[in-house]
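# Overview (structure and organization)
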Amino acid sequence: MSQSNEHARPLISYRTEEVDGVNIFYREAGPKDAPTLLLLHGFPTSSHMFRDLIPLLADRYHVVAPDYPGSGYSDAPSHTAFRYTFDHLADIIDAFTRKLGLKRYALYAQDFGGPVGFRLASRHPERVTAIFVQNAVAHEEGLSDGFDTARRLWADRNAQTEAAMRRHLSIEDTRGQYLFGAKDPARISPDAWTHAQNGLDRPGIAEAQIDLLHDYQSNLKQYPHFQAYFREHQPPMLITWGQHDPFFTLAGARAYTGQLPKAELHIFDGGHFLLEDHAEEVAALMREFLGRTVSI
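Being a predicted model, the structure only gives us computed values, none of them experimental.

## Some words on the overall build of the protein
Looking only at helices and strands, one finds 11 helices and 8 strands in the protein. Computed over C-alpha atoms, the radius of gyration of the protein comes to 18 Å, within 12% of the 19 Å expected from 2.2 N^0.38 for 296 residues, which places it in the range of a compact globule. Residue pairs in contact within the protein that sit at least 24 positions apart in sequence constitute 77% of those at least 6 positions apart. For the protein, the accessible surface area stands at approximately 12,700 Å², while carbon and sulfur atoms represent 49% of it. Positive and negative charge centroids in the protein, built from 29 and 38 side chains respectively, lie 4 Å apart.

## Considering the nonpolar core
Soluble, globular proteins show a tendency: their nonpolar side chains are buried together. With 61 residues, the main nonpolar core has Phe118, Ile131, Val133, Tyr216, Phe230 and Met237 as its most contacted residues. Every residue in contact with Met237, bar those within four places of it in the chain, is listed here: Ile131, Val133, Phe230, Tyr256, Leu260, Ala263, Glu264 and Phe289. If you look at the next biggest cluster of nonpolar residues, it comprises 26 residues, including Leu57, Ala58, Tyr61 and Ala283.

## Quick notes on helix 9 (residues 217-233)
Taking 1.5 Å per residue as the helical rise, helix 9 with its 17 residues ought to reach 24 Å, and the 25 Å between its terminal C-alpha atoms agrees with that figure. Considering bend angle alone, the principal kink of helix 9 is centred on Tyr223 and spans about 40°; proline Pro224 follows within four residues of it. When helix 9 is considered as a whole, its buried residues turn out to be Ser218, Asn219, Leu220, Tyr223, Phe226, Gln227, Tyr229 and Phe230. Buried residues along helix 9 sit against helix 2 (86-99), helix 3 (113-123), strand 6 (128-134), helix 4 (148-155), helix 8 (205-215) and strand 7 (237-242).

## Here's the deal with the pairing of strand 3 (residues 36-40)
Side-chain positions along a regular strand alternate between the two faces of the sheet. The buried fraction of strand 3 is high, at 5 of 5 residues. Burial along strand 3 is two-sided: Thr36, Leu38 and Leu40 and Leu37 and Leu39, pointing in opposite directions, are all buried. Bridging between strand 3 and strand 5 (residues 105-110) involves 4 bridges; their strand directions are parallel. When the bridges of strand 5 are listed, Leu37 appears paired with Ala106.

## Concerning the pattern of salt bridges
In the structure shown here, the tally under the stated rule is 16 salt bridges. With its nearest N and O atoms 2.7 Å apart, the salt bridge here joins Arg157 to Asp211. A residue pair is termed long-range when its members are at least 10 positions apart, and Arg157 in the loop between helix 4 and helix 5 (159-166) and Asp211 in helix 8 qualify at 54 residues. The exposure class of Arg157 is partly exposed, given its relative accessible area of 33%.

Basis of the calculations
Residues numbered from 1 in each chain as written. Predicted model: local features only at pLDDT ≥ 70, side-chain atom pairs only at ≥ 80, totals over all residues. Heavy atoms only, no water. Helix = DSSP H or I, 4+ residues; strand = E, 2+ residues; numbered from the N terminus. Rg over C-alpha atoms; globule rule 2.2 N^0.38 Å. Contact = heavy atoms within 4.5 Å. Areas by Shrake-Rupley, 256 points an atom, 1.4 Å probe, with all protein chains shown as cover. Lys, Arg positive; Asp, Glu negative; His and termini not counted. Charge placed at Lys NZ, Arg CZ, Asp CG, Glu CD. Core = buried A, V, L, I, M, F, W, Y, C linked by side-chain atoms within 4.5 Å. Buried < 20%, exposed > 50% of the residue type's maximum accessible area, 1.4 Å probe, protein only. Expected span 1.5 Å × (residues − 1). Bend = angle between axes of the 7 residues up to and from the residue. Pairing = 2+ DSSP bridges. Salt bridge = Lys/Arg side-chain N within 4 Å of Asp/Glu carboxyl O.

This is the structure in structure tokens:
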């Protein structure tokens, strides 16, 4: 007996695209003639963090979620052969969008996705239809004491400060990033931190990630530039925030309204990886927001 496809779960494709000699893995779903959502992941995860969100949006939107070089299933060239900087990640994702022919898109930016996505937006404001910020900052008051180890690395990169940062790549810290602040830790799948840790434990990845974590200081220098972009172009912005994030403060969430008075802020009883236990609520907010701000 045939069954109706009215409520069928959207199909997700898993693809790779060669960009500047690096194979970039990405998840793609939804009709290609629909408005595009470009989902940019954080640290230490990958597009895997969007596995629950994508099916909740792809019936109506074209959703694309790439892995950065050195993350997820993308190539991970040696840090001696590839510059692991945020400028370079933005270059790669910029070229990736051109290869896929993504001329207009709404950005979803979480953690590392903030500085990558805001670089794209400030370079190409005409491409960005909306911005979804989820625990990603563009103001220095958004950085908590959880950045103290990184600040010591920024001030003096040496064997001791690198070793201290390397401890943040351990399974204990990775698990903690997912569980800290979660309203109900039993709802957080171990698949999340296991997948992320498997990526971190690959040969050469620790060195690449430490290069990126050292370069994170470059983002602070870009904050005035990002803020100028917000003020000048006033992109529609929806902010969803796990209030117990150990790295990014609520002050950082609220700071966006200084440049974007119409930005909408929703605070959740959750942590850094809000989608692990609040994907349905975030998706509902996104769909309602997109319905008002982005034509289909």
